[in-house]
Amino acid sequence: MALLPIIIAPDPRLKQIAAPVARVDDRIRQLMDDLLETMYQAPGVGLAAPQVGVLERVIVVDASAKDEDRAPLRMANPELIQASDEDVQYEEGCLSLPEHYAEVVRPAWVRVRYLDHENEIRELDAEGLLGTCIQHEMDHLEGILFVDHLSALKRNMILRKLIKTKKADKTPTGASAAAE
Ligand code: K1U
Ligand code: ZN
C-alpha cells in the first residue's frame, strides 16, 4: 500500500474526463487500496483516482461513522442508473480544495452500478452522506468539482483563495518551500 499525493485545485488534471477501466485486475486493485489508504490518512470519506493524477474511472468511499467499523467501498466504472426527484442539500468538502466547504444540492437517493474489486458487477442504493459522497466522487471522473455546482461568485471566491494559498506556499517563507 502507498500514500499518494493529492492534487490541489486549480489544476488542469482535475478538469479532465477519466477513461473507463477495461477490467479490475491486480493493478486496479492496488490503485483502489492506495486510494483508500490515502483517503483514511487525509482523513476523508471518499477519493477519486483523478485526484491523485490517475485518469481512470476508479473511486473509493467510506461513509461509516467514527464509532462504527470501517465500510470501504471500491468502485470502478460507476454509473448512475437511477436518482430520486427529491433533492437534498449537504455541506461538502473536497481533499483537492482543502479548508473550503459549501452547501451543494443533489438527488437525495441514487442507484449506482459498478465493478467491485473482484471485477463483479454490483448495484448499490445510497442516500445520506454515502449517496452525496458517491455523487461527489463520480463528478471527479467527469472533471467536475463541487464548486462547479455553486454560483460563479462563490466558485471564483474559493478558487481565488486556493490560488493565493498555492502562491504563498511557493514563496521562500511558505510551507512547501520550507519543506523542500
Ligand atoms: O476529496 C474528496 O472527494 C473527498 C471528500 C468527500 C466528500 C465529503 C463531504 C461531502 C461530499 C464528499 C472528503 O472526504 S472532504 C473531508 C471530509 O468531508 C471529512 C473528513 C474527515 C471526517 C469526515 C469528513
Ligand atoms: Zn472531491
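For the structure, see preceding data.
The notes below deal with the structure included here. (Residues numbered from 1 in each chain as written. Chains lettered and ligands numbered in written order. Predicted model: local features only at pLDDT ≥ 70, side-chain atom pairs only at ≥ 80, totals over all residues. Heavy atoms only, no water.)

Those donors, Cys94 (SG), His136 (NE2) and His140 (NE2), are the protein atoms that reach the zinc ion (ligand 2), and they lie 2.1 to 2.3 Å from it. Considering all four donor atoms around the zinc ion (ligand 2), the spread of angles at the metal, 88 to 131 degrees, places the coordination shape in the tetrahedral class. When the donors of the zinc ion (ligand 2) are listed by position in the chain, the intervening gaps give C-x41-H-x3-H. Of the two residues, histidine 136 and histidine 140 both sit in helix H2 (residues 128–141), four residues apart, roughly one turn of that helix. Assessed through its relative accessible area of 2%, histidine 140 is described here as buried. (Donors = N, O, S within 2.8 Å, 3.2 Å for Na, K, Ca; no water. Tetrahedral: all angles 85-135°; square planar, octahedral: opposite > 155°, others 65-115°. Helix = DSSP H or I, 4+ residues; strand = E, 2+ residues; numbered from the N terminus. Buried < 20%, exposed > 50% of the residue type's maximum accessible area, 1.4 Å probe, protein only.)

Time to look at the site of ligand 1. Inspection of the region around ligand 1 gives 13 residues, with Val45, Gly46, Gln51, Leu95 and Glu137 positioned closest. Here glutamine 51 contributes a side-chain N or O atom positioned 2.9 Å from an oxygen atom of ligand 1. Here leucine 95 contributes a backbone N or O atom positioned 2.6 Å from an oxygen atom of ligand 1. Within the complex, 79% of the 540 Å² of free accessible area of ligand 1 lies under protein. When residues of the shell around ligand 1 are assigned to their parent elements, the largest contribution, four residues, is made by H2. (Near = heavy atom within 4 Å. Polar contact = N/O pair within 3.5 Å; in protein donor to acceptor, adjacent residues only side chain to side chain. Areas by Shrake-Rupley, 256 points an atom, 1.4 Å probe, with all protein chains shown as cover.)

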